[in-house]
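Take a look at the letters that make up each chain.
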Amino acid sequence: MLGREVQRSGGRAGLRALLVLLLVGGSAQAQAGLINRAQSTVVLSGNRLAADNTAVLQIFVTLLDSNADPVMNIPGSNFRVTSTTDIGLTTVMENSNNIGLSRGTLRCSRPGTGSLRVEVLDPGLNQFVLLRDPLTDAQPLAITALPIFDLLLQPGLNLVTSPLTVDDPAAQTVWAPTAPIRVARYLPQTNRYVGFQITQPDTAFDVTIGRAWWVQVNALTRVRLAGVAWPSSGNPALDATYSYPVRLSGYDWTLAGIPAVTALEWDEDALQVTVNDLVLGTLGDADEFVSPYGWIWNAGQQQAQLVIDSSYGIRGSTDTIPAGSGFWLHKGTSTLGTGQVSLVFNTRTMARSQQLPASGWSLNLQATSAGQPTATAVVGVHSRLGRALDIAPAPFPSADGLRLAVLDTTGRPLAGRLDPILAGGGSWRLQVSTSGVASPVTLSWPDAGRVLPDHTRAVLTDLTTGQAVSLRSGAALSFTPAADGTRDFALQVTPDTGQRLTVGLQAGASRGRAISATLTLNAPARVTVRVLGLSGRVVKVWNVQAPAGVSSIAWDGLDSAGRRAPAGTYRLEVVAIDSVGEAATASTVLPVR
């Protein structure tokens, strides 16, 4: 018959079980000097490994002959340790010593669960003797190779989660080996962060499924996690859907961690919204409960990144939540209580929607100042919207400095706002905050020429000075920060009615070498006048402020140095710029005798 003895040993964290298997039984006619299966023992220092070929388990084999005497100095190569499951098992065994004990180390490279087979080449029989047969044993010597996941922490701040149920979730076990490191968690009820000192145990910082953490490191750091992949409901029908519910906190923002070992796509037409397990529809249909966007932290760039359906075409955003990344989810306008709303990712149905392609445009605006990170905001229109989509900025840790926001109708600062398509236009109120900023600030729109629809006019107006600039012809607008630390602007995009600046130019009468030309404008404008030789050489340049209507331009026949221009044919060119920076040009030929 088979007997067993189970002992405990203070080994490495997570591998504490010491299983001692005393194998009894076997042939009653065992010959003296041969390996006696009935009296030899196998000891395993734990039964769980991380499937990364780094974590090590110890196996001990004590060999006795039929007279209960040690079988000494059997080469380690005479031992054979295999698993009934392919977990990439590798073993290295030492020679047995003068008490018949041999020690080996076990590693594995693939996750799974198997039973160990321990065999030794019996020098007396010149054949392998199976010390333990898991196929006939009711309680085989089992070993589990756990899936592993690497969190690669970039220098600075990282927003991370664990996609595995780790073997030892204690914060000190997970984070301490990678010190120096700082960890913080978010409290939505107070909208603040609480830091954790690794030397002080705190179960609130244990690494559990669904939580996300701010982690700060000084250098590129890898945290290797080993545990059980989620989902693990035990119901194959449910687990096969790969659905990941995220329970809202009941406050504006929830900081969540999705336990997915692969990246998840943010597709409005595939993401589901449920209330009390009742499916309300896709995210695009139920945005009153959950805002149709999220935020992640781009650790490489050390800045927040918007997560939104790619059909909105917002530059700098992403439609993917990376594995191991925490993310912010914003509650919609519904007044449902704490924890009643879930967002469900389903990778099986995460193919891009086959609906009609959406249309619209989005424009990124940037505010820059010396010594400050670039601040951005987005405005635009989109065909899938029935009402304005206000994109709220997530509560990322931040300090005073340069900020750019789109204001909603109540004056609340937003990261952006998309409107329904209304005749191709729209209007937005922008605000630049400059607390602690002393250098001049430049507001620019680098992609305006590419994204603005044809046949539209886009004008940005500084509400402090009244200065206006066209986003099509102007590149930026600069100002010096005011003492109150804010500056408001109005952006208006309207259909082009054809009432753009026009300019007409005709050569007029000449008196001697003095020549005049007739200028016609449909609006007041600043006019730059240039006289050019036929070769393109600039003869003279000057500026005038011209009213709407007809006016005259006179050239005295002198060049820029005050010398008389030689007789010949010259070209007169004018460039007129109106109050918003729209430009128009005209030219005519001037004969000089």
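For the structure itself, look to the data block above.
Small disclaimer: the values here were computed from a predicted structure and weren't measured. (Residues numbered from 1 in each chain as written. Predicted model: local features only at pLDDT ≥ 70, side-chain atom pairs only at ≥ 80, totals over all residues. Heavy atoms only, no water.)

Asker: Teacher, can you tell me more about the pairing of strand S36 (residues 441–444) here?
Answerer: Residues in a regular strand project their side chains so that they alternate between the two faces of the sheet. Relative to S36, strand S29 (residues 360–369) is paired through 4 bridges, and the arrangement is antiparallel. The residue bridging Gln 366 from the neighbouring strand is Ser 444, located in S36. With 4 bridges connecting them, S36 and strand S39 (residues 476–479) associate as antiparallel partners. Looking at S39, one finds that Val 441 is bridged to Phe 479. (Pairing = 2+ DSSP bridges. Helix = DSSP H or I, 4+ residues; strand = E, 2+ residues; numbered from the N terminus.)

Asker: For this particular structure, what's the right way to read the pattern of salt bridges?
Answerer: Any two side chains of opposite charge can pair if their charged atoms end up close together. Tallied over the full model, the rule gives 17 salt bridges. The salt bridge partner of Glu 119 is Arg 80, with a shortest N-O separation of 3.0 Å. On the criterion of sequence distance, the pair formed by Glu 119 in strand S9 (residues 112–122) and Arg 80 in strand S6 (residues 79–83) is long-range, its members being 39 residues apart. The class for Arg 80 is partly exposed, based on a relative accessible area of 37%. (Salt bridge = Lys/Arg side-chain N within 4 Å of Asp/Glu carboxyl O. Buried < 20%, exposed > 50% of the residue type's maximum accessible area, 1.4 Å probe, protein only.)

Asker: Please explain the sheet that holds S29 as it appears in this structure.
Answerer: Two orientations exist for strands paired in a sheet by backbone hydrogen bonds: parallel and antiparallel. Here 6 strands make up an open sheet; going across it, the order is S31-S34-S30-S29-S36-S39 and the pairing mixed. With partners counted over all chains shown, the strands left at the sheet margins are strand S31 (389–391) and S39, one partner each. Each strand axis lies, on average, 15° off the axis of its neighbour in the sheet, ignoring direction. (Axes fitted to C-alpha atoms, helices over the stretch in contact; angles between N-to-C directions.)

Asker: Could you clarify how one ought to interpret the pairing of strand S25 (residues 303–308) in this entry?
Answerer: Of the strand pairs in this sheet, strand S24 (residues 290–298) and S25 are connected by 6 bridges, and their pairing is antiparallel. Each residue of the ladder has a partner; that of Gly 294, found in S25, is Val 307. The antiparallel pairing of S24 with S25 creates a hairpin that spans 4 residues between the two strands, and Gln 302 there sits at a positive phi of about 55°.

Asker: Would you take a moment to explain the environment of Gly 549 for this structure?
Answerer: Counting through the fold element by element, Gly 549 comes out in strand S45 (residues 549–555). For the pair formed by Gly 549 and Asn 522, sequence separation is 27 residues and the distance between their alpha carbons is 6.0 Å. Those residues in contact with Gly 549 that sit more than four places away from it in its chain are Leu 519, Thr 520 and Leu 521. (Contact = heavy atoms within 4.5 Å.)

Asker: How should the sheet that holds strand S38 (residues 468–470) be read in this particular structure?
Answerer: An order of S33-S32-S35-S40-S37-S38 is seen for the 6 strands of this open sheet, with the pairing classed as antiparallel. Single-partner strands in this sheet number two, and they are strand S33 (413–414) and S38. Bridging between strand S35 (residues 426–434) and strand S40 (residues 486–495) involves 8 bridges; their strand directions are antiparallel. Each residue of the ladder has a partner; that of Ser 433, found in S40, is Thr 486.

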